[in-house]
Structure formats: C-alpha cells, structure tokens
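# Fold and geometry: a report
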Amino acid sequence: MLSANNSTVISHTVTNPLQTPVYVNDATVTVTIKDSLGVDLPGEPWPVALPYVAASNGVYTKSFNPFNNLIIGEIYSVIINVTGTDGLKSECISKEKAASRIC
C-alpha cells in the first residue's frame, strides 16, 4: 500500500524455478513508481535499487521516507525490475491506490 505522509517499505522476493535452490540472492533489483499518466513520482531518483537482505532467501527490500507527493485516491504503478547474474530478467508491475493511513 502507498500511504501518503508515511514511510513505505517495498519488498520483492526473487526466485528462479530453473535453479536449485530457487532463491536468487545475487540479482540487481530496482523499483520505479509512476502515476496514472506514466510520470515518475517526484521526490526520488527513479529507478531506486532494492538491496538484498542477507540470509533472506531472495528478499530485496528498501524503506523509503514518506512520499509527500502522493495524491490520495490516485492509482500508481509500482514497477520492479530484476536482472540476475545468470541472465534472469523479470518485470513485475502492481497497481497501488494511494490512501491515508487510518490507525
């Protein structure tokens, strides 16, 4: 979820079913966030690298400072790109609606 004025953690698990074990711990993983018009969300130098979490079985994650430019109700594309050292390439796009966090 993209929550205005709150820190956001973006995580992605990388696997390759053609290798054993399936978890990929040596890939380059990046994320880009675009608005509904395909424009990069202001405030970050996209794409941003998601570092590998040591001993995590393929988990790459980053905590972002609050995205102050989110528009509540807007649909954003969160685009994760993976390039593995073995030639693995992947792109994952999820649609996220910006919301106010209610606690």
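Refer to the structure printed above.
Here we summarise the structure given alongside this text. Counting restarts for each chain: residues are numbered from 1 in the order of the written sequence. Given that this is a predicted model, residues contribute local features only at a pLDDT of at least 70 and side-chain atom pairs are listed and counted only at 80 or more, while totals for whole chains, interfaces and linings are drawn from all residues. Side-chain numbers come from the whole structure's heavy atoms, not from hydrogens or water.

### Some details on unusual backbone geometry
For the bond running from threonine 20 to proline 21, omega is -5°, close enough to zero to count as cis. Take proline 21: it is sitting in the loop between strand S2 (8-13) and strand S3 (28-34). A positive phi angle, near 65°, is found at asparagine 5, a position not held by glycine. Counting through the fold element by element, asparagine 5 comes out in the loop between strand S1 (2-3) and S2. Of note in the backbone geometry, alanine 55 takes a positive phi value of approximately 60° without being a glycine. Every helix listed is a DSSP run of H or I at least four residues long, and every strand listed is a run of E at least two residues long, numbered separately from the N terminus. Within the fold, alanine 55 resides in the loop between strand S4 (48-49) and strand S5 (59-64). The classification of residues rests on relative accessible area computed with a 1.4 Å probe and restricted to protein chains. Under 20% of the type maximum is buried, over 50% is exposed, and intermediate values are partly exposed. The class for alanine 55 is exposed, based on a relative accessible area of 78%.

### Let's talk about the pattern of salt bridges
Put simply, a salt bridge is a Lys or Arg side-chain nitrogen that is within 4 Å of an Asp or Glu carboxyl oxygen. Scanning all chains against the criterion turns up one salt bridge. Here lysine 34 and aspartate 40 are joined by a salt bridge, their closest N and O atoms 2.7 Å apart. Given a relative accessible area of 25%, lysine 34 falls into the partly exposed group.

### Remarks on the sheet that holds strand S6 (residues 75-83)
Should DSSP find at least two bridges between two strands, the strands are regarded as paired. Reading across the sheet, the five strands line up as S1-S7-S6-S3-S4 and stay open at both edges, with mixed pairing between neighbours. The open sheet has two edge strands, S1 and S4, and neither has a second partner. As defined by bridge partners, S6 adjoins strand S7 (residues 89-99) across nine bridges and the pair is classed as antiparallel. The partner of isoleucine 80 across the bridge, within S7, is cysteine 92.

### Focus on the nonpolar core
We define a nonpolar core as any set of buried Ala, Val, Leu, Ile, Met, Phe, Trp, Tyr and Cys residues linked to one another through side-chain atoms lying within 4.5 Å. Membership of the largest hydrophobic core comes to 23 residues, with the highest contact counts inside it found for Val31 and Ile33. Of all elements in the fold, only S3, S5 and S6 reach the threshold of two or more residues within this core. Tallying contributions element by element places S6 first for this core, with four residues. What makes two residues a contact is simply this: any of their non-hydrogen atoms within 4.5 Å. The contact partners of valine 31, leaving out residues within four places of it in the chain, are Ile10, Trp46, Pro47, Val48, Leu50, Phe64, Val78, Ile79 and Ile80.

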